[in-house]
Amino acid sequence: MTSGGTAFVYVTVRVLAALAIGAAIGWFAGNVWLGVSGAFALYLAWNLWQLRELGFWLQHRSVADPPNAAGLWGDVVAQVVRLHRRKRFHKERLTRLFRELRRSTAAMPDGVVMLDPQGEIVWFNRKAAELLDLSRRADLGLRIDNLVRNPDFVRYLHGGQYSLPVVVRLDTPVERFVAFQVISYGEDQRLLMLRDVTREVRLEQMRKDFVANASHELRSPLTVVAGYLETFSSDPGLGELMAPIAEMRRQTDRMTRIIEDLLELSRFEANDGPIRGLPIDVAGMAALLRKDVLARTAHPRQVEVAIESGDALIGDEAMVQSAFSNLVDNAAKYTPAEGSVFIRWWTDDDGGHYSVRDTGPGIPEEHIPRLTERFYRVDPGRSRETGGSGLGLAIVKHALHRHGGRLQIESIEGRGSTFTCHFPPDRVLYRPAAASA
Ligand code: ADP
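Every value quoted in this text rests on a predicted model; they were computed, and no experiment measured them.

1. Some words on the layout of surface pockets
What the largest pocket holds in volume is close to 2,000 Å³. In terms of lining residues, the largest pocket is bounded by 45 residues, among which Asp152, Val167, Asp272, His401 and Arg402 are the most central. Within the residue set of the lining of the largest pocket, elements represented by two or more residues are helix 7 (151–159), strand 3 (166–170), helix 8 (198–233), helix 9 (242–270), helix 13 (392–402) and strand 11 (406–412). The calculated volume of the second largest pocket comes to roughly 650 Å³. Lining the second largest pocket are 33 residues, and of these Asn330, Lys333, Tyr334, Ser383 and Leu393 lie nearest its centre. For the lining of the second largest pocket, the secondary-structure elements that each account for two or more residues are helix 9, helix 11 (317–334), helix 12 (380–385), helix 13 and strand 12 (416–423).

2. Observations concerning the site of the ligand
Neighbouring the ligand are 19 residues; Asn330, Tyr334, Asp358, Ser383 and Gly390 lie closest to it. A distance of 2.8 Å separates an oxygen atom of the ligand from a polar atom in the side chain of Asn330. The contact in question runs from an oxygen atom of the ligand to an N or O atom on the side chain of Tyr334, over 2.8 Å. The pocket occupied by the ligand, as judged from atoms lying within 2 Å of grid points, is the second largest pocket. The set of elements that each furnish at least two residues to the shell around the ligand consists of helix 11, helix 13 and strand 12. Classifying every residue of the shell around the ligand gives nine nonpolar, seven polar and three charged.

3. Observations regarding the sheet that holds strand 6 (residues 278–280)
The strands making up a sheet associate through hydrogen bonds between their backbones, and the pairing can be parallel or antiparallel. What the three strands build is an open sheet, ordered 6-8-13; its pairing is antiparallel. Every other strand in the sheet has two partners, leaving strand 6 and strand 13 (428–429) as the edge strands with one partner each. Bridge analysis of strand 6 against strand 8 (residues 312–315) gives three bridges, and the strand direction is antiparallel. When the sheet's bridge partners are listed, Ile280 is paired in strand 8 with Leu313.

4. Observations concerning unusual backbone geometry
Non-glycine residue Asp133 carries a positive phi angle of around 60 degrees. Along the chain, Asp133 falls in the loop between helix 4 (126–132) and helix 5 (136–139). Phi is positive for Asp188, close to 65 degrees, though the residue is something other than glycine. One can find Asp188 in the loop between strand 4 (176–185) and strand 5 (189–196).

How each quantity is defined
- Residues numbered from 1 in each chain as written.
- Predicted model: local features only at pLDDT ≥ 70, side-chain atom pairs only at ≥ 80, totals over all residues.
- Heavy atoms only, no water.
- 1 Å grid on protein atoms, 1.4 Å probe; cavity = no way out; pocket = protein on both sides within 12 Å on 5 of 7 lines; lining within 4 Å.
- Points joined across faces, edges and corners; volume = space filled by probe spheres on them.
- Helix = DSSP H or I, 4+ residues; strand = E, 2+ residues; numbered from the N terminus.
- Near = heavy atom within 4 Å.
- Polar contact = N/O pair within 3.5 Å; in protein donor to acceptor, adjacent residues only side chain to side chain.
- Sits in = over half its atoms within 2 Å of the grid points.
- Nonpolar A, V, L, I, M, F, W, Y, C, P; charged D, E, K, R; others polar.
- Pairing = 2+ DSSP bridges.

Okay, here's the thing in structure tokens:
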């Protein structure tokens, strides 16, 4: 039997005993029922007294001691004391945990903002308050896109693609660059992580400026040297100096190409804003590139163009031309005279695709992920021989990135390579089927 059950038996026995005593007294007094009623009345009065004591204690629990009750009332008091102790223990534990959590998030070097499904601020830590100039009283409950109105941030927040952070320039209270990254959790809840990347952005800008300035400064003296070398090379009186002068001309040509490519890359990088969206005639561009390849003294035997779509590409013509010509140039450069190059343009629901396939030497698999790094070459000797700057694919990658596109490289060693530029659907001017037929 449970302790509650035992107490109930005791109480019943005690009530019955009190009634029996009441009945006995009544019997002696000549009225049994009067004795029983008196016993009931006394028992009821005692219970009401206990109830009053309990009520008073529950109201003043923090200052008053628990009543010294017996029987069932004692059990009730003991239960209440136990529940109260357990509640206090859990409350203290939760408070301690919350305090620790607050202290640790305050010490975090990154900002954290908790958002509800509507994008309203539920909570933020000290670093987030510092980066966004938030105040606990005024900004809790406000929508984050009302506070950070930068269009890139708003697009990122509503875009739902959170795998990469977005870097945003904030002007309040001082100019700062902040990387925002959303982490989704629970049901539509979002955690916004913020990191101050001002130093990294400024260093990157300094690097870009340095490369652009250095390339620009080197261009003029190099033009002078190249000019003199050209004059010398047409002077037949130089005799045995002709060979070294020819080599010096080759090297200055290479340097000029590297500087031109560095300047081109800097130009693409200098402006990160939206690019001009004009329709580009891909067919015309591909035909011209083919003609350029065939005009070279040494070129692959077959250069074919397959334009499978009349849809135009929307973008910056100079940038796209640079990307496409670098790919065609590489294919022509690395493919032997008996090989072939195929240029193809097609569109589908995934967007526009421009590929350059060759039957050249191919690229070993381990080099493919690094090909678009600046100055990365599979075979440095061969690349120099062909006059490569090592910047061509970096230019392609950057030009595509600016158009929201990406470069795909497939290659089988000894069989050839395919470089495909993938552009998103919003970069394609889809023409009605009848018009393109
Ligand atoms: P480079 O000016 O040296 O050609 P790129 O950035 O254009 O520089 O290319 C990087 C490297 O990728 C090249 O050095 C070359 O080794 C390799 N590569 C590029 N295109 C091809 C191709 N079509 N076939 C074989 N290798 C290629």
